[in-house]
Amino acid sequence: QVQLVESGGGLVQAGGSLRLSCAASGRTFSTYDMGWFRQAPGKEREFVASISWTGGSTRYANSVKGRFTISRDNAKNTVYLQMNSLKPEDTAVYYCAADRNNVIVTPRYWGQGTQVTVSS
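As the structure is a computational prediction, the values presented were derived from the model and not from experiment.

Novice: How should the overall build of the protein chain be read in this particular structure?
Specialist: What the protein chain contains, in helices and strands, is 0 helices and 11 strands. When its helices and strands are written in sequence order, the protein chain yields β-β-β-β-β-β-β-β-β-β-β. Referenced to the eigenvectors of the C-alpha coordinate spread, the extents of the protein chain come out at roughly 40 × 25 × 25 Å. Looking at the protein chain as a whole, 44% of its 120 residues are labelled buried. Here the analysis covers contacts within the protein chain between residues at least 6 apart in sequence; of these, 56% occur between residues at least 24 apart. On the protein chain, roughly 6400 Å² of surface is accessible, and the fraction owed to carbon and sulfur atoms is 45%.

Novice: How should I be thinking about the packing of aromatic side chains in this particular structure?
Specialist: The relative placement of two aromatic rings is captured by the distance of their centres and the angle of their planes. All told, the structure shown has 4 aromatic pairs when counted by the stated rule. Between Tyr 32 and Tyr 109, the ring centres sit 6.0 Å apart and the planes meet at 70°, which makes this aromatic pair edge-to-face. With Tyr 32 in the loop between strand 3 (18-24) and strand 4 (33-39) and Tyr 109 in strand 10 (residues 109-110), the pair connects residues that are 77 residues apart, well separated along the chain. The exposure classification of Tyr 32 matches that of Tyr 109, with both residues buried. When the centroid spacing of 5.8 Å and the interplanar angle of 75° are considered together, the rings of Phe 37 and Phe 47 count as edge-to-face. Taken together, the residues Phe 37 in strand 4 and Phe 47 in strand 5 (residues 46-51) connect sequence positions 10 residues apart. Phe 47 shares its class with Phe 37; the two are buried.

Rules of the game
- Within every chain, residues take consecutive numbers counted from 1 along the sequence as written.
- Reporting of local features is limited, given that this is a predicted model, to residues whose pLDDT is at least 70; pairs of side-chain atoms are given and counted only at 80 or more, and all residues count toward the totals for whole chains, interfaces and linings.
- Note that water and hydrogens are dropped before the side-chain values are worked out from all heavy atoms of the structure.
- Numbering of helices and strands runs from the N terminus; a helix is a DSSP stretch of H or I covering at least four residues, while a strand is a stretch of E covering at least two.
- Working definition: with a 1.4 Å probe on protein chains only, accessible area under 20% of the residue-type maximum means buried, over 50% means exposed, and in between means partly exposed.
- Every residue pair with non-hydrogen atoms within 4.5 Å of one another is taken to be in contact.
- What sets the accessible areas is the Shrake-Rupley method with a 1.4 Å probe; for residues, cover comes only from the shown protein chains.
- Geometry of aromatic contacts follows a simple scheme: Phe, Tyr and Trp rings, the Trp one being its six-membered ring, pair when their centres are within 6.5 Å, and the pair is stacked under 30 degrees between planes, edge-to-face over 60, tilted otherwise.

Pasting the structure below:
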């Protein structure tokens, strides 16, 4: 069982930055691939970024590539999403997810989400 708690969301102007954090419970965090997803009003949840359990492999959605960076600190049971050059279209609820097999397609564990609002 893994429990995930996101933090760091808020209101920011276009062009600004935010760093999201996702704190995980349990002693097995380092064995899980982690991901960030987002859901904008009226839209389906979409993949944003993922990182392997070792931290050695990362993937990004084309819409955030070059602007967002995912990282993890296994000693702190935390995964981060650094978001730079934010755009109004990045406005969404951001969710952290965990899975041992395919975090991009079928994450087993989800956090409650944190709201990110980017004003123009």
